Amino acid sequence: MPFLPPFIAPTLHTDPESALNQVRAIYAEQINHLREAMQRFVAGEAMPGRVRACYPYVRIRTESVMPQAALENSGNSYGFVASAGCYETTLTRPDLYANYYLEQFRLLLQNHGVPLEVGVSGEPMPIHFSFAEHDHIEGNLPPARRMLMRDLFDLPDLGRMDDGIANGTVRFGPEHPLPLALFTAARVDYSLHRMRHYTGSAPEWCQNFILFTNYQFYIDEFIRLGHEEMNRPDSEYAAFVEPGNVVTRRVGLPREPMDSLGAPPPRLPQMPAYHLVRPGHGGITMINIGVGPANAKNITDHVAVLRPHAWLMLGHCAGLRNSQQLGDYVLAHAYVREDHVLDEELPLWVPIPALAEIQVALEQAVADVTQCKGADLKRIMRTGTVASTDNRNWELLPGNEPQRRFSISRAVALDMESAAIAANGFRFRVPYGTLLCVSDKPLHGEIKLPGMANHFYRERVDQHLRIGMRAIEILRLGGPQRLHSRKLRAFDEVAFQ
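Note that the structure is predicted; figures quoted are calculated from it, not measured. (Residues numbered from 1 in each chain as written. Predicted model: local features only at pLDDT ≥ 70, side-chain atom pairs only at ≥ 80, totals over all residues. Heavy atoms only, no water.)

### Notes on the overall build of the chain
Of regular secondary structure, the chain possesses 14 helices and 17 strands. In terms of overall size, the chain behaves like a compact globule, its C-alpha atoms giving a radius of gyration of 24 Å where 497 residues would be expected to give roughly 23 Å. Dimensions along the principal axes, computed over C-alpha positions, put the chain at roughly 70 × 55 × 55 Å. Relative to its full complement of 497 residues, the chain shows a buried share of 55%. Considering only contacts in the chain between residues 6 or more positions apart, those separated by 24 or more positions represent 81%. Charge separation in the chain, taken as the distance between the mean sites of 49 positive and 55 negative side-chain charges, equals 3 Å. (Helix = DSSP H or I, 4+ residues; strand = E, 2+ residues; numbered from the N terminus. Rg over C-alpha atoms; globule rule 2.2 N^0.38 Å. Buried < 20%, exposed > 50% of the residue type's maximum accessible area, 1.4 Å probe, protein only. Contact = heavy atoms within 4.5 Å. Lys, Arg positive; Asp, Glu negative; His and termini not counted. Charge placed at Lys NZ, Arg CZ, Asp CG, Glu CD.)

As structure tokens, then:
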């Protein structure tokens, strides 16, 4: 016999706040059931049966599609279902996703005029995902009792966490509800826990605009600028958060209770994240993804569940044209994908288009920061194709075969991460862009030497980072509605942004 929390019957809601409150109540009851059972288990008690709790769900049944005229007048590319039928998704962490859920609920109610159904799903909540941020009680268990956990609690089931919805490969039978969101609750929880591991900070701190970089130099400058902002009483940012959830509040603001729980980690995590916090999560998160397309795919697989408004890649590249100079910028408008990390999820025949809103913001930011215009701007920034490879020493391959391919593709720059970040942005419907800086020209004898590299980094990193931050300011002022356009939506797209 399963050991379950008290039954909660499904309820209907015509108000988004009411629906969210019911999600909160269900989630709290289910997760408290797991936590209390786990505490009893750690204390050595016998369980009355297999412990189970399940995620809340939201469901909508509609007999008609949203009228085309209303769809076009709304200006939104999301917030409605593709056709008549039954749609649902499981939900998690209403504390973290409250504003996001409220907006999705509001749009569904507005666009379809039918109530939302909220209830307890049949999707089990893995015990590991019930632990609070600073709870590690399972670590106190002896090995034998830890093994017994799998007989008494639901563990993460990877079969329930694949990306078939996002990839467009999942097929549902006629009696199965269609998805409302790209990710199930368990898939979201899985990524939230992975983010803690890889970035060294709680996902609650993550902002809606993400900068990725492949060099620590950029992070060092971001840290300097972050603390500089905290010393400005008139800064638009309220806090700066570093790995270990170390919080620095803007001068004049009081510390908050959770701030005392942060502590610098004994060593930096694999992909450390830093957060310039703005009200409403409108600030900037910067993550050092390190070198390589596998890292780029890994972190974007997880950041995507936070549904950010945009992510941008700021990094270094090899300039492939003789006319380029070290320190020139490259604004990617196309990608040659030779990194192979997404070939199974996103076939190579799928184009990864440039997004006009991102391109315009990045070009404007370069002009604003460098004070260059017209021909001078074209001289320091080239728009073109960026090739990404998984072979760091591609130039040493015999026969010059990679060089021929890159020439045929008209590529102007080469790196290892940009195509993966753009492709995963396309796959997960997160607006993306790339602005790289030429740090070497291996095809023309200008390779990285220590003295030259150090001088280059000192000269360019500050300017490049300020350009990225300026681009985010421009995108923020334009509003998220323009960013989440139909260009990234499939024919039978899910309703949630």
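### With respect to helix H8 (residues 293-303)
Along H8, 10 of the 11 residues are buried, which leaves the element largely enclosed by surrounding structure. Buried residues of H8: Pro293, Asn295, Ala296, Lys297, Asn298, Ile299, Thr300, Asp301, His302 and Val303, and no others.

### Overview of the environment of histidine 128
Of note, histidine 128 is situated in the loop between strand E6 (116-124) and helix H4 (143-152). When its relative accessible area of 28% is taken as the criterion, histidine 128 is described as partly exposed. Sequence separation between histidine 128 and aspartate 154 is 26 residues; the distance between their C-alpha atoms is 8.7 Å. Setting aside residues up to four positions removed in sequence, histidine 128 forms contacts with Met149, Leu155, Pro156 and His193.

### Quick look at the pattern of salt bridges
When the charged atoms of two side chains lie near each other, side chains of opposite charge can form a pair. If you walk through the whole model with that rule in mind, you get 29 salt bridges. The partner of glutamate 117 in a salt bridge is arginine 59, and the shortest N-O contact between them spans 2.8 Å. Note that glutamate 117 is positioned in strand E6 and arginine 59 in strand E4 (residues 54-62), a separation of 58 residues in sequence. Like glutamate 117, the residue arginine 59 is buried in the burial classification. The salt bridge partner of arginine 93 is glutamate 204, with a shortest N-O separation of 2.4 Å. Taken together, the positions of arginine 93 in the loop between strand E5 (85-90) and helix H3 (94-112) and glutamate 204 in the loop between helix H6 (185-199) and strand E8 (209-213) put the pair 111 residues apart, joining distant regions of the chain. A relative accessible area of 10% places arginine 93 in the buried class. Connected through shared salt-bridge partners, Asp163, Arg187, Lys297, Asp301, Glu345 and Arg427 make up one network. (Salt bridge = Lys/Arg side-chain N within 4 Å of Asp/Glu carboxyl O.)

### Some words on the pairing of strand E9 (residues 239-242)
With burial as the criterion, each face of E9 is covered, one bearing Ala239 and Val241 and the other bearing Phe240 and Glu242. Bridge count for E9 against strand E10 (residues 246-249) is four bridges, and the pairing is antiparallel. From the neighbouring strand, glutamate 242 faces E10, where its bridge partner is valine 246. What sits between E9 and E10 in their antiparallel hairpin is a turn of three residues, with glycine 244 showing a positive phi close to 85 degrees. (Pairing = 2+ DSSP bridges.)

### Notes on the packing of H6 against H8
With their axes 8 Å apart at the nearest point, H6 and H8 run at an angle of 130 degrees to one another. In terms of orientation, H6 and H8 fall into the oblique class. Classified by chirality, the crossing of H8 by H6 is left-handed. The residues of H8 that touch H6, namely those facing Arg187, Tyr190, Ser191, Arg194, Met195, Tyr198 and Thr199, are Asn298, Ile299, Asp301, His302 and Val303. Among the residues forming the contact of H6 with H8, the class breakdown is five nonpolar, four polar and three charged. (Axes fitted to C-alpha atoms, helices over the stretch in contact; angles between N-to-C directions. Parallel < 35°, antiparallel > 145°, perpendicular 65-115°, else oblique. Left-handed = near helix turned anticlockwise from the far one by under 90°. Nonpolar A, V, L, I, M, F, W, Y, C, P; charged D, E, K, R; others polar.)

### As for the nonpolar core
Ranked by internal contacts, the top residues of the largest apolar core, which has 112 residues, are Phe105 and Phe496. Top contributing element to this core by residue count: H3, with nine residues. (Core = buried A, V, L, I, M, F, W, Y, C linked by side-chain atoms within 4.5 Å.)

### Description of the sheet that holds strand E7 (residues 178-179)
Read across the open sheet, the five strands follow the order E2-E6-E4-E5-E7; overall the sheet is mixed. Only two strands of the sheet have a single partner each, and these edge strands are strand E2 (11-13) and E7. Where E5 lies against E7, two bridges are found, and the strand directions are parallel. Bridged to tyrosine 87 within E7 is leucine 178. Its contacts with the sheet place H3 against E2, E4 and E6, and it is angled at close to 20 degrees to E4. Contacts from H6 reach E4, E5 and E6, with the element oriented near 135 degrees to E4.

### Observations concerning the packing of helix H1 (residues 16-42) against H3
Interhelical geometry of H1 versus H3 gives an angle of 140 degrees and a closest axis separation of 9 Å. Considering their axes alone, H1 and H3 lie oblique with respect to each other. Handedness of the crossing formed by H1 with H3: right-handed. Here Pro16, Glu17, Ala19, Leu20, Val23, Arg24 and Tyr27 of H1 come into contact with H3, specifically with Pro94, Ala98, Tyr101, Leu102, Phe105, Arg106 and Leu109. Partitioned by chemical class, the residues of the contact of H1 with H3 number 11 nonpolar, no polar and three charged.

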